Amino acid sequence: MEKPAAVALKTVAKALAGFRFSRRIGAEENPNRFLLEFVSSSGEKRYAHWSDDEKEHEWRVPAGFGMFSRVTMTGQKRIGVYRPGDRLVSGPAVEYLIPEAAKPENWKVLGVLLPAPDAAGPWQAEPSAEAAVRGERLATGVRDLSGAVDYWFRPEKEDFGKTILTGGDLDRSFLTLEFRLDAEGRPSVRHRVRQGQKWLEPIGTNEAVPPGRWTRMTYAAGWEGRRLYINGQMVASAPAELGPVSPAFHIAPAPLKGEAGQLKVISGDGFQL
């Protein structure tokens with residue numbers, strides 16, 4: 001069997017072949033964490049990170065990194081695609097960050113639930129007559145949803161502290177997805193995974209949504225991890241906690257004092273706004 005050091009040398013040779021060292025990033029923030037940038041002759045960038053002590057150091061991916069995958073010191077590619085703003089942890093073992101291209105051709109609109117014809121709101125054009133429906137709920141047509149749920153709503157203060165959208169087998173009141181506002185109007189979302197039939201910890205933001213104004217809340221979940229967007233800006237992520245929303249038979253807005261708007265369900269890995 002190959003010794004661990006030999007495997008590590010093969011990995012670094014493959015990950016950084018044709019690349020030269022460019023700079024160290026964030027040394028002033030944490031001198032014990034190393035984040036090194038390498039650049040090829042064509043301008044492509046790759047990164048390596050680790051810590052020089054026995055501690056683990058948590059940090060956020062800086063802006064400008066784009067999408068990337070993670071490769072361990074032994075050459076194993078971790079599940080998921082990571083983006084600026086995601087949290088990573090550096091430890092004694094080196095890890096490589098390899099750019100990944102977005103693949104929008106893998107995304108498919110499963111359906112759009114439209115508001116009543118007389119409702120006012122920032123609606124986008126209907127994607128197609130087949131995908132657009134009106135009613136109280138949207139049937140996803142899939143048992144396990146890996147993709148995104150995109151929801152417009154205009155809450156009033158009376159909606160704070162309530163669940164604003166649910167998913168699952170709604171005929172049996174078996175929920176697997178919840179969008180929620182806390183008592184101060186701060187949004188969060190959680191979903192249940194098939195493995196162990198458990199709820200993942202909610203992800204959310206400390207920024208409250210304004211009452212009386214339209215807000216767009218987008219939750220991307222699946223094998224790429226979990227991300228929450230508010231009005232197009234990513235506000236929370238948990239890329240290490242994996243698994244699609246399961247089962248996701250129906251998705252429906254909860255009754256609001258304010259207004260429920262357009263609800264779109266999208267399938268496919270690697271979704272981004």
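From a predicted model like this one, the values you see are computed outputs, not experimental measurements. (Residues numbered from 1 in each chain as written. Predicted model: local features only at pLDDT ≥ 70, side-chain atom pairs only at ≥ 80, totals over all residues. Heavy atoms only, no water.)

Enquirer: I keep staring at the overall build of the chain and nothing clicks. Help me out?
Expert: Looking only at helices and strands, one finds one helix and 21 strands in the chain. Taken over the C-alpha atoms alone, the chain extends approximately 65 × 40 × 35 Å along its principal axes. By residue count, 48% of the 273 residues in the chain fall in the buried class. The contacts in the chain between residues at least 6 apart in sequence include a share of 61% that link residues at least 24 apart. For the chain, the computed accessible surface area is about 13,900 Å², with 51% contributed by carbon and sulfur atoms. When the 37 positive and 34 negative side-chain charges of the chain are each reduced to one mean point, those points stand 3 Å apart. (Helix = DSSP H or I, 4+ residues; strand = E, 2+ residues; numbered from the N terminus. Buried < 20%, exposed > 50% of the residue type's maximum accessible area, 1.4 Å probe, protein only. Contact = heavy atoms within 4.5 Å. Areas by Shrake-Rupley, 256 points an atom, 1.4 Å probe, with all protein chains shown as cover. Lys, Arg positive; Asp, Glu negative; His and termini not counted. Charge placed at Lys NZ, Arg CZ, Asp CG, Glu CD.)

Enquirer: What exactly am I supposed to notice about the environment of Pro 92 here?
Expert: Mapped onto the secondary structure, Pro 92 falls in the loop between strand S6 (87–90) and strand S7 (95–99). Separated by 24 residues in the primary sequence, Pro 92 and Phe 68 have C-alpha atoms spaced 21 Å apart.

Enquirer: Could you clarify how one ought to interpret the pairing of S6 in this entry?
Expert: Regular strands have side chains that alternate between both faces of the sheet. Burial of the side chains of S6 is restricted to one face: Leu 88 and Ser 90 are buried, whereas none of Arg 87 and Val 89 on the reverse face is. As defined by bridge partners, strand S4 (residues 57–60) adjoins S6 across four bridges and the pair is classed as antiparallel. Counterpart to Arg 60 in the pairing with S6 is Arg 87. (Pairing = 2+ DSSP bridges.)

Enquirer: Would you explain the sheet that holds strand S5 (residues 68–71) in this entry?
Expert: Within a sheet, each strand pairs with its neighbour through backbone hydrogen bonds, oriented either parallel or antiparallel. Reading across from one edge, S1-S2-S3-S7-S5 is the order of the five strands in this open sheet, with antiparallel pairing throughout. The strands lining the two open edges of the sheet, one partner per strand, are strand S1 (19–24) and S5. For this sheet, the mean angle separating the axes of adjacent strands, direction not counted, is 25°. In this sheet, strand S2 (residues 33–40) lies alongside S1 in antiparallel orientation, the contact comprising five bridges. Its bridge partner being in S2, Phe 21 is matched across the sheet by Phe 38. Docked against the sheet, helix H1 (residues 4–15) engages S1, strand S3 (45–51), S5 and S7, running at close to 25° with respect to S7. (Axes fitted to C-alpha atoms, helices over the stretch in contact; angles between N-to-C directions.)

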